[in-house]
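Analysis of the macromolecular model
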Amino acid sequence: MRGKFVTLEGVDGAGKSTHLDWIARRLQAAGKKVQVTREPGGTPLGEELRKLLLARSMHLETEALLMFAARREHLDKLILPALAAGSWVVSDRFTDATFAYQGGGRGLDLGRIETLEQWVHQGLQPDLTLVFDLSVEEGKRRRVAATSQPDRFEREDLDFFARVRAVYLARAERYPQRIRLIDASRTVEDIRKSLEDTILTLCQ
Ligand code: TYD
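On a predicted model such as this, the values are computed, not experimentally measured, just so you know. (Residues numbered from 1 in each chain as written. Predicted model: local features only at pLDDT ≥ 70, side-chain atom pairs only at ≥ 80, totals over all residues. Heavy atoms only, no water.)

Details of the sheet that holds strand 3 (residues 88-92)
The following threshold applies: Two strands are said to pair when DSSP picks up at least two bridges between them. A helix here means a DSSP run of H or I that spans at least four residues, while a strand means a run of E at least two residues long, and both kinds are numbered starting from the N terminus. Axis angles are defined between N-to-C directions and span 0 to 180 degrees, where every axis is a line fitted to C-alpha atoms and, for a helix, only to the segment in contact. Contact criterion: two residues are considered in contact whenever any of their non-hydrogen atoms come within 4.5 Å of each other.
The five strands lie next to each other as 2-3-1-4-5, forming an open sheet whose pairing is parallel. Two strands bound the open sheet, and with one partner strand each, they are strand 2 (34-38) and strand 5 (179-183). The average angle at which neighbouring strand axes cross in this sheet is 20 degrees, direction not considered. Of the pairings in the sheet, the one linking strand 4 (residues 128-133) to strand 5 comprises five bridges and is parallel in character. Across the sheet, the residue bridging to Val 131 is Leu 181, located in strand 5. Sitting on the sheet, helix 3 (residues 60-84) touches strand 1 (5-10), strand 2 and strand 3, and the angle it makes with strand 3 is about 140 degrees. Packed onto the sheet, helix 4 (residues 95-105) meets strand 1, strand 4 and strand 5 and runs at close to 20 degrees relative to strand 1.

Considerations on the layout of surface pockets
Heads up, the rule is: Points on a 1 Å grid, built from protein atoms alone, make a cavity when a 1.4 Å probe fits but cannot get out and make a pocket when they are open with protein on both sides within 12 Å along at least 5 of 7 lines; residues with an atom within 4 Å of a point are the lining residues. Grid points are joined across faces, edges and corners, and a volume is the space filled by probe spheres set on the points. Under the scheme applied here, ten amino acids are nonpolar (Ala, Val, Leu, Ile, Met, Phe, Trp, Tyr, Cys and Pro), four are charged (Asp, Glu, Lys and Arg), and all others, including Gly, are polar.
For the largest pocket, the calculated volume is near 680 Å³. If you go around the largest pocket, you meet 33 residues; those closest to its centre are Asp 12, Lys 16, Ser 17, Arg 93 and Glu 154. Those elements giving two or more residues to the lining of the largest pocket turn out to be helix 1 (16-29), helix 2 (44-55), helix 3, helix 4, helix 6 (136-146) and helix 8 (188-203). Per-element accounting of the lining of the largest pocket gives the leading share, four residues, to helix 1. Within the lining of the largest pocket, the residues separate by chemical class into twelve nonpolar, eight polar and 13 charged.

Notes on unusual backbone geometry
This is how the line gets drawn: Partly exposed residues are those whose accessible area sits between 20% and 50% of the maximum for their type, while under 20% is buried and over 50% is exposed, using a 1.4 Å probe and protein chains only.
Going from Glu 39 to Pro 40, the amide bond is cis rather than trans, its omega being -15 degrees. Structurally, Pro 40 can be placed in the loop between strand 2 and helix 2. A positive phi is found at Arg 93, a non-glycine position, where the angle reads about 80 degrees. Positionally, Arg 93 belongs in the loop between strand 3 and helix 4. Notably, Gln 122 is not glycine yet its phi reads approximately 50 degrees, a positive angle. Here Gln 122 lies in the loop between helix 5 (110-121) and strand 4. The exposure class of Gln 122 is exposed, given its relative accessible area of 59%.

Overview of the site of the ligand
Put simply, the rule is: Any residue with a non-hydrogen atom lying within 4 Å of a molecule or strand is treated as near it. Polar contact is defined as a pair of N or O atoms within 3.5 Å, subject to the rule that within protein one atom must be able to donate a hydrogen and the other to accept it, and that residues adjacent in sequence are counted only when both atoms are side-chain atoms. In these tables, accessible area is a Shrake-Rupley quantity obtained with a 1.4 Å probe, and a residue counts as shielded only by the protein chains included in the view. If over half the atoms of a molecule are within 2 Å of the grid points of a cavity or pocket, the molecule is regarded as sitting in it.
What surrounds the ligand is a group of 16 residues, the closest being Lys 16, Arg 93, Thr 98, Gln 102 and Glu 154. Within the contact set of the ligand, an oxygen atom lies 2.9 Å away from a side-chain nitrogen or oxygen of Lys 16. Contact between the ligand and Thr 98: an oxygen atom at 2.6 Å from a side-chain N or O atom of the residue. Here the ligand, which alone exposes 560 Å², has 89% of that area covered by the protein. Mapping the ligand onto the cavity grids shows that it belongs to the largest pocket. For the shell around the ligand, the elements supplying multiple residues, two or more each, are helix 1, helix 2, helix 3 and helix 4. Looking at the shell around the ligand element by element, the count peaks at four residues for helix 4. In terms of residue class, the shell around the ligand is built from six nonpolar, three polar and seven charged.

Remember, this is a structural readout, not a statement about activity or role.
Below, the structure is given as structure tokens:
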């Protein structure tokens, strides 16, 4: 049986990385084989592209194309084979991040991103996307506390993150079947409790 594909999203600082390992362990406890991965990255070439994307300034279309180049490789080498073999795949970010960051944050036309999405995904969409949602001010406080050397995205200003957040919220409204908004201002414990049902339902 094909595995399921779960993606975690949100503005930097919203805490998705904190929840990633717990979600993977929770799925394993439910008897699933789980492959944890991330974007940009997830393959040797994708991780090379990640280094460039997080460090080097570039044209915003170059940035979007490299995100999708890394994603093409990720789908081919990891995501699709793992799902076909019955593994579940939990990815720290996927294409919703390109809509939010390159589309919302940088202002790239969303229609162009949709074109790349159709080309690269070949019909695949996550079975579930968890968007960890937080005010941009609180996100910044958490980023500053957690990161001593912010990358190129983490150094962006509050307006940038407000645009990123707005796109995540709009997509959650547009795709209610796939995307679940998680109020990330709560304690880790409360968030885990609220995720428990969602995860059990997905396992059925
Ligand atoms: P992330 O893994 O959240 O960073 P960290 O390791 O610091 O938790 O993501 C790296 C950055 O890449 C993040 O700031 C968002 C950005 N990004 C995009 O701009 N577009 C994309 O398509 C993806 C996947 C990530």
